[in-house]
Amino acid sequence: MKKNLYLFTMEYPYGKGGTFVHNEVAFLAAAFHKVYIIPEQIPESSEVSLLPNNVEILHLNITESRTRRNWIIFSNMPLLFELIFQEIFFSRQKKGIWENRKKIFFMLISLLYKKKALKTILQKEDSSVFYSYWFSNYATLLGILKRNGIIPSFISRAHGFDLYEDNGKYNYIPFRYFQLKQVKKIYCVSEKGANYLKGIYPQFKEKIFCNHLGVSDYGSNPFSKECTLTIVTCSNIIPVKRVHLMVEILSLVKKDVKWIHFGEGYLKQEMMEKVKALPINIVAEFRGYVSIERLMEFYKSNPVSLFINTSISEGLPVSIQEAISFGIPIMATDAGGTSEIVNDKTGILLPLYFDVKEAAKQIDDFSSSFRNTEEFRWGVKAFWNQYYNAQNNYPKFVQQLL
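The following refers to the structure shown. (Residues numbered from 1 in each chain as written. Predicted model: local features only at pLDDT ≥ 70, side-chain atom pairs only at ≥ 80, totals over all residues. Heavy atoms only, no water.)

### Section: the sheet that holds strand β7 (residues 208-210)
Piece 1. If you trace the seven strands from one edge of the open sheet to the other, you get β3-β2-β1-β4-β5-β6-β7, paired in parallel fashion. The sheet terminates laterally at β3 (55-57) and β7, the two strands that pair on one side only. Put simply, the sheet's adjacent strands are angled 25° from each other on average, direction ignored.
Piece 2. Pairing of strand β1 (residues 4-9) with strand β2 (residues 34-39) involves six bridges; the strand directions are parallel. When the sheet's bridge partners are listed, Asn-4 is paired in β2 with Lys-34.
Piece 3. The sheet contacts of helix α8 (residues 191-200) involve β6 (185-188) and β7, and relative to β7 the element is tilted by about 165°. (Pairing = 2+ DSSP bridges. Helix = DSSP H or I, 4+ residues; strand = E, 2+ residues; numbered from the N terminus. Axes fitted to C-alpha atoms, helices over the stretch in contact; angles between N-to-C directions. Contact = heavy atoms within 4.5 Å.)

What follows is the structure in structure tokens.
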């Protein structure tokens, strides 16, 4: 008989993000009897992804009050002391604990509320699989459930923000040692991420693995060397993605370029103002957020010369996986595990802190380079098929879960 799976997410299946989670859910649904998705939060946009028939969303029934909070603190006192002691003793960045002490306390209280709600839901479960898609708050919660004997074990993925401790203000991720102590296996989405985690926590290296995400095959991007050089970017317009650098780069490009950006963010208006200053040889279009289906249809129907990512921090970008699945060459910064997908076979890897003049020159030279050929694009798609094809990667991962 098939097992049940409890999948812990941040927002998915709500909101406009999480397409990479959605890619995986179909494979999980096919392998498990029931898949229960438990999102940590529900965004203002209550748009819900279309889910397979055997996938159900669970909402935790939590009632907060001063009396209940005091009772939760008192009844979990031994656990709280253990967590705080381990954090003080084993954390790699003591300053982070002190500076975030209030945030940590209220986060713990929130997790304890969720623990109580989950204990009620899971009281009859003994053979299910528990899987946190992010190595963050829910990994701590599952660690608490495991420590208290409510669940037998759990596994987690780790991506970028939830993995690299040196990305935060204090080089600090709360309860990392506790998470690693309790988790059965941790699957990083890149080799770089797995090696990073093994390097700073060698005592847990036997639990740490790499398992790439993947995307499906929606076809190939039509190639036309004669059309205007068309560049696509696809990301949220927020500081970490550094979309503003595209404006700086394109202001120095001499060729005629059509730049199309997919994605929204609170810096969009500021970006639109900067775009007005671009020279006349650059045409910019902001398409906003589009569904994964519409984006795939765009790639299938419209010639794209080059996909660019200027992010300062990444896990291993699914947006790049999507682009190379169509054979589109890439230019991207060496952020997170990006160097595993952007190389001589797929495009141009820029330093993390690159020179915008050099990036502009790379774009000007691209049209007449070997990368702007049908043969090179075949190689790009072949690389995707070998390493990032969902039909290969997810079944292997599901077998490990089972």
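Picking up where we left off.
### As for the pairing of strand β8 (residues 229-234)
Piece 1. Here β8 lies mainly inside the structure; six of its six residues are buried.
Piece 2. Here β8 runs beside strand β9 (residues 257-262); their pairing, made up of six bridges, is parallel. The residue of β9 that forms the bridge with Thr-230 is Lys-258.
Piece 3. The parallel pair β8 and β9, bridged by helix α9 (residues 244-250), forms a crossover whose chirality is right-handed.
Piece 4. Inspection of the sheet shows β8 paired to strand β11 (residues 306-309) by two bridges, in the parallel sense. Across the sheet, residue Ile-231 finds its bridge partner in β11, namely Leu-306. (Buried < 20%, exposed > 50% of the residue type's maximum accessible area, 1.4 Å probe, protein only. Right-handed = clockwise from strand over helix to strand, strands pointing away.)

### What to know about the pairing of β9
Piece 1. Counting buried positions over the six residues of β9 gives five, a clear majority of the element.
Piece 2. As judged from the six bridges shared by β9 and strand β10 (residues 282-288), these two strands associate in the parallel manner. Across the sheet, the residue bridging to Phe-262 is Gly-288, located in β10.
Piece 3. In this fold, β9 hands off to helix α10 (residues 268-275), which returns the chain to β10; that crossover is right-handed.

### Things to note about the pattern of salt bridges
Piece 1. In this structure the tally under the stated criterion is eleven salt bridges.
Piece 2. Glu-56 is paired through a salt bridge with Lys-34; the nearest N and O atoms lie 3.2 Å apart. Here Glu-56, found in strand β3, pairs with Lys-34, found in strand β2; they are 22 residues apart in sequence, far enough to count as distant.
Piece 3. The structure contains a network of salt bridges with shared partners spanning Lys-258, Glu-285 and Arg-287. (Salt bridge = Lys/Arg side-chain N within 4 Å of Asp/Glu carboxyl O.)

### Quick word on the nonpolar core
One broad trend across soluble globular proteins is that nonpolar side chains are buried collectively.
Piece 1. Formed by 56 residues in total, the largest nonpolar core has its most connected members in Leu-7, Leu-28, Tyr-131, Tyr-299, Phe-307 and Ile-324.
Piece 2. It is helix α1 (residues 19-31) that contributes the most residues to this core, six residues altogether.
Piece 3. Setting aside anything within four residues of it in sequence, one finds Tyr-299 in contact with Ser-220, Asn-221, Pro-222, Val-232, Cys-234, Val-304, Phe-307, Phe-326 and Ile-328.
Piece 4. If you look at the next biggest cluster of nonpolar residues, it comprises 50 residues, including Leu-108, Leu-142, Leu-145 and Cys-188. (Core = buried A, V, L, I, M, F, W, Y, C linked by side-chain atoms within 4.5 Å.)

### What about helix α11 (residues 292-301)?
Along an α-helix, residues three or four apart share an orientation, since each turn contains 3.6 residues.
Piece 1. Listed as buried for α11 are Ile-292, Leu-295, Met-296, Phe-298 and Tyr-299. Along the axis of α11, the buried positions cluster into a sector of 155°, meaning they face one direction only. Set apart from the buried face of α11 by more than 90 degrees, the exposed residues are Glu-293 and Arg-294.
Piece 2. Considering only its buried residues, α11 is in contact with α1, β8, β9, β10, β11 and α12 (318-325). (Arc of directions from axis to C-beta.)

### A word on α1
Piece 1. In the structure, α1 departs most strongly from a straight axis at Val-25, where the bend amounts to approximately 25°.
Piece 2. Buried residues of α1: Val-21, Asn-23, Glu-24, Val-25, Phe-27, Leu-28, Ala-29 and Ala-31, and no others. (Bend = angle between axes of the 7 residues up to and from the residue.)

### Section: the side chain of Gln-182
Piece 1. Considering the arrangement of structural elements, one finds Gln-182 in helix α7 (residues 176-182).
Piece 2. Take Gln-182: its relative accessible area is 9%, and that puts it in the buried class.
Piece 3. Setting aside its immediate chain neighbours within four residues, Gln-182 contacts Gly-143, Lys-146, Arg-147, Phe-154 and Lys-207.

### Side note on a nonpolar patch on the surface
Piece 1. Among the surface-exposed residues, Phe-85, Phe-89 and Phe-90 lie close enough to one another that they form a single nonpolar patch of about 340 Å² accessible area.
Piece 2. In this structure, Phe-90 sits in helix α3 (residues 77-90). (Patch = residues over 30% accessible without salt bridge, like charges linked within 9 Å, V, L, I, M, F, W, Y side chains within 5 Å. Areas by Shrake-Rupley, 256 points an atom, 1.4 Å probe, with all protein chains shown as cover.)

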